[in-house]
Amino acid sequence: MAAARTALRSLPDFLQTAASRVMPVLRSLAHAAIDTVFPPACLNCRQSTGAAHSLCASCWAQVRFIERPFCERLGTPFAMDLGNDGLLSPEAVANPPVYNRARAVAHFEDGPVRQLVHRLKYNDRMELAKPLGAWMARAGNELLVEADLLVPVPLHRRRLAARRFNQAHALAQTISAQCGVPADPFVLARVKPTPSQVGLSRSQRALNLQGAFRVTDGMAPRIEGRAVVLIDDVMTSGATANAASRALLRVGAKSVDVLVFALAV
Ligand SMILES: [Zn+2]
């Protein structure tokens, strides 16, 4: 491109004008040709689709999006519409979370949602953070309009070194670009390496995560008095979100909400 621009500058004026008019046309023709040779593919199964950065009709039909009515605290959907705003689930009443509200795009279950999350996390398909983050920005709109700061749930430094990138941070960057709320991946640290939570009970998970997060030294003023939205890919028991929220509230966060891509209900 730089060589093309230099060549363009060395042309006489009338030719430069003509070339600068032709260049955008050539560029859009090139994009059209690319779309014909490589039509937009489904984010999940790679079948060709009508629109870029989306799912094909078959994958789309397998995603159970989470919509109202849901529990205002936990974000878990209700089986039927009880026609009452601000309703809480029995779980939220019996066992209130540390965070204020949680919102998610879809149910975490076998099929496209689990595959997309897995690919983002382990296959280094970092480009998935853009469409998934855009869906999260829409699902979490009511949290984001009141937010001062986005905080991705951090990985322990050993896990970050092994995996090379934190999917929660990548999602937070996309959401931040969409809604304009700054994201800060450095305010919160995971100070305790937590073994896999798979197969543990709710209380075992909570115990496992006790003291796992700490606000980084000197970062408390960035959190004090702020409405924080924690960002993660998946929420299962809520133990991680609760432990991270507790660390943020301890240094004076005004509120902590949680926004995830998928919620295991
Ligand atoms: Zn598909």
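This write-up is about the structure you can find in this document. The structure displayed is predicted, hence computed values, not measured ones. (Residues numbered from 1 in each chain as written. Predicted model: local features only at pLDDT ≥ 70, side-chain atom pairs only at ≥ 80, totals over all residues. Heavy atoms only, no water.)

### Focus: helix 5 (residues 112–122)
Basically, it comes down to this: Relative accessibility thresholds used throughout: buried, under 20% of the residue-type maximum; exposed, over 50%; partly exposed, between the two (1.4 Å probe, protein chains only). Each helix is a run of DSSP H or I of at least 4 residues and each strand a run of E of at least 2, with the numbering of both proceeding from the N terminus. The directions considered for the arc run from the helix axis to the C-beta atoms.
Every buried residue of helix 5 is accounted for by Pro112, Val113, Leu116, Val117, Leu120 and Lys121. Looking down the long axis of helix 5, one finds its buried residues gathered within 160° of arc, a one-sided arrangement. Of the residues trailing helix 5, Asp124 is marked for its positive phi of about 60°.

### A word on the coordination of the zinc ion
The cut-off we apply is this: Shown as donors are all N, O and S atoms within 2.8 Å of a metal ion, widened to 3.2 Å for Na, K and Ca; because water is not in the atom set, sites may appear incomplete. Just to be clear on the cut-offs, tetrahedral is four donors with all angles between 85 and 135 degrees, square planar is four donors and octahedral six with opposite donors over 155 degrees apart and all others between 65 and 115, and anything else goes down as irregular.
Protein-derived coordination of the zinc ion comes from Cys42 (SG), Cys45 (SG), Cys56 (SG) and Cys59 (SG), at a distance range of 2.3 to 2.4 Å. Considering all four donor atoms around the zinc ion, angles at the metal cover 105 to 116° and the coordination shape is tetrahedral. Mapped onto the polypeptide sequence, the residues donating to the zinc ion form the spacing pattern C-x2-C-x10-C-x2-C. Remark: Cys56 occurs in the loop between helix 2 (13–37) and helix 3 (57–62) and Cys42 occurs in the loop between helix 2 and helix 3; sequence separation between them is 14 residues. Each of the two residues, Cys42 as well as Cys56, counts as buried.

### Re the environment of Glu72
The criterion, for reference: Polar contact criterion, stated in full: a pair of N or O atoms within 3.5 Å, where within protein one must be able to donate a hydrogen and the other to accept it, and residues adjacent in sequence count only if both atoms are side-chain atoms.
If you trace the backbone, Glu72 turns up in the loop between helix 3 and helix 4 (90–94). In this structure the side chain of Glu72 is engaged in a polar contact, spanning 3.1 Å, whose partner is the side chain of Arg68.

### Quick look at the nonpolar core
Just so we agree on the cut-off: Throughout, nonpolar core names a set of buried Ala, Val, Leu, Ile, Met, Phe, Trp, Tyr and Cys residues whose side chains join them through atoms within 4.5 Å. Only heavy atoms matter for contacts: two residues are in contact if any of them lie within 4.5 Å across the pair.
Leu55, Met136, Ile175, Val229, Ile231, Leu259 and Phe261 are the most contacted members of the largest nonpolar core, which has 35 residues in total. Those elements that provide at least two residues to this core are strand 1 (102–107), helix 5, helix 6 (129–139), helix 7 (141–144), helix 9 (167–179), strand 5 (227–235) and strand 6 (255–263). It is helix 6 that provides the largest number of residues to this core, a total of five residues. Sequence-distant contacts of Leu259, that is, excluding residues within four places in its chain, are made with Arg103, Met136, Gly140, Leu143, Leu144, Ile175, Val229, Leu230, Ile231 and Asp232. Ile66, Leu74, Val153 and Ala253 belong to the second-largest nonpolar core, a separate cluster that totals 33 residues.

### Comments concerning the environment of Val234
Positionally, Val234 belongs in strand 5. The spacing of Val234 and Ala104 is 130 residues in sequence and 8.6 Å in space, taken between C-alpha atoms.

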